[in-house]
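Structural features, examined
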Amino acid sequence: MTTVFTRTDGRLGEFALRTLDPDGDAALLHAWVTNPKAAFWLMQDADEAAVATEYRRIAEHPHHDAYLGLWRGTPAFLAERYDPAHVELVGLYDNQPGDVGMHFLCAPTDAPEHGFTRAVITTVLAWLFADPSTRRVVVEPDVRNTAVHALNAVVGFEVVGQIAKPEKDALLSVCTRAQFHAAVTELEGAQA
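My aim in this report is to walk through the structure given alongside it, one point at a time.

Calculation rules
- Residues numbered from 1 in each chain as written.
- Predicted model: local features only at pLDDT ≥ 70, side-chain atom pairs only at ≥ 80, totals over all residues.
- Heavy atoms only, no water.
- Buried < 20%, exposed > 50% of the residue type's maximum accessible area, 1.4 Å probe, protein only.
- Helix = DSSP H or I, 4+ residues; strand = E, 2+ residues; numbered from the N terminus.
- Arc of directions from axis to C-beta.
- Contact = heavy atoms within 4.5 Å.
- Core = buried A, V, L, I, M, F, W, Y, C linked by side-chain atoms within 4.5 Å.
- Lys, Arg positive; Asp, Glu negative; His and termini not counted.
- Salt bridge = Lys/Arg side-chain N within 4 Å of Asp/Glu carboxyl O.
- Polar contact = N/O pair within 3.5 Å; in protein donor to acceptor, adjacent residues only side chain to side chain.
- Axes fitted to C-alpha atoms, helices over the stretch in contact; angles between N-to-C directions.
- Parallel < 35°, antiparallel > 145°, perpendicular 65-115°, else oblique.
- Nonpolar A, V, L, I, M, F, W, Y, C, P; charged D, E, K, R; others polar.
- Pairing = 2+ DSSP bridges.

Among the residues making up helix H1 (residues 26-33), those that are buried are Ala26, Leu29, Trp32 and Val33. The buried residues of H1 occupy an angular sector of 125 degrees when the element is viewed end-on, so they sit on one face. Packed against the buried residues of H1 are helix H2 (48-60), strand E3 (64-71), strand E4 (74-82) and strand E5 (99-106).

This next bit is on the nonpolar core. By size, the foremost hydrophobic cluster in this structure holds 31 residues, and its most contacted members are Met102, Leu125 and Phe157. The residues touching methionine 102, leaving out its near neighbours within four places in the chain, are Glu80, Tyr82, Ile121, Val124, Leu125, Leu128, Val137, Val138, Val139 and Phe157. With 18 residues, the next largest nonpolar core counts Ala16, Leu20, Trp32 and Leu70 among its residues.

Turning our attention to the side chain of glutamate 80. Along the chain, glutamate 80 turns up in strand E4. Of the side chains with opposite charge, arginine 57 comes closest to the buried, unpaired glutamate 80, at an N-O distance of 6.6 Å. Within the structure, glutamate 80 has its side chain in polar contact with the side chain of histidine 64 (distance 2.8 Å). Setting aside anything within four residues of it in sequence, one finds glutamate 80 in contact with Trp41, Tyr55, Ile58, His64, Asp65, Ala66, Gly101, Met102 and His103.

The next subject is the environment of leucine 105. Residue placement: leucine 105 occurs in strand E5. Taking the C-alpha atoms as reference points, leucine 105 and lysine 37, separated by 68 residues in sequence, lie 9.8 Å from one another.

Enumeration over the complete set of coordinates arrives at 12 salt bridges. Between glutamate 113 and arginine 11 there is a salt bridge; the shortest N-O distance is 3.8 Å. You can see glutamate 113 sitting in the loop between E5 and helix H3 (116-129) and its partner arginine 11 sitting in the loop between strand E1 (3-9) and strand E2 (13-19), a full 102 residues away along the chain. Judged by its relative accessible area of 35%, glutamate 113 is partly exposed. Across the pair aspartate 65 and arginine 81 runs a salt bridge, and its minimum N-O distance is 2.7 Å. Of this pair, aspartate 65 sits in strand E3 while arginine 81 is found in strand E4, placing the two residues 16 residues apart along the sequence.

Attention now moves to the packing of H1 against H2. Contact geometry of H1 with H2 gives a least axis separation of 9 Å together with a crossing angle of 105 degrees. With respect to H2, the element H1 is oriented roughly perpendicular. Residues Ala26, Ala27, Leu29, His30 and Val33 of H1 pack against Glu48, Val51, Ala52 and Tyr55 of H2. Taken together, the residues of the contact of H1 with H2 break down into 7 nonpolar, 1 polar and 1 charged.

So, on to the sheet that holds E2. Strand order in the open sheet made by the 8 strands is E1-E2-E3-E4-E5-E6-E8-E7, with mixed pairing throughout. Edge positions in the open sheet fall to E1 and strand E7 (158-164), since each of these has one partner strand only. If you compare each strand with its neighbour and ignore which way they point, the axes differ by 25 degrees on average. Where strand E6 (residues 136-139) lies against strand E8 (residues 169-176), 4 bridges are found, and the strand directions are antiparallel. Across the sheet, residue valine 137 finds its bridge partner in E8, namely cysteine 175. Set on the sheet, H3 makes contact with E1, E2, E3, E4, E5, E6 and E8; between it and E5 the angle comes to about 150 degrees.

A few words now on the pairing of E2. Where E1 meets E2, 6 bridges bridge the pair, whose relative direction is antiparallel. Across the sheet, arginine 7 pairs through a bridge with phenylalanine 15, a residue of E2. Connecting the antiparallel pair E1 and E2 is a turn made up of 3 residues. Where E2 lies against E3, 5 bridges are found, and the strand directions are antiparallel. Across the sheet, phenylalanine 15 pairs through a bridge with tryptophan 71, a residue of E3.

Dropping the structure here:
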């Protein structure tokens, strides 16, 4: 599979994103998305075939794609990129040119690494903003997912407001390139 982006975290080392293989990665993804810690992913009852079908659908969609995230060469997270003018948020917010939607999921682990989730979201945002046409990243996590709201704020997201989606009440938030870079600069300064 093709590596599309790499980033080295000063403390945790190399992170990379590669194209997802919907069939080859289905067993791994099934274990992740059905884990109780992934309840907000809304696939708790999916079997492996359903997971493969969902990610084939995403791979075939012209405005949505998925990537497997690697940490030090080992699968460790999932990232999705979508065009909110065509997927997820159609008619639910004031879409602007250069908006890119994002989802991410860290693999469940029995030995969490301090700062890992922050390094993952930083990697995903760095990848999205590496595209010069990306002006804002848009997210719509469940309003009850307070952990991700706090994490989003740390990397520069601002809350726009609550929106009602068919599957959940979501907290729409956006992050500009400048907000992201300011947040990363602040984080790096605090870690120095």
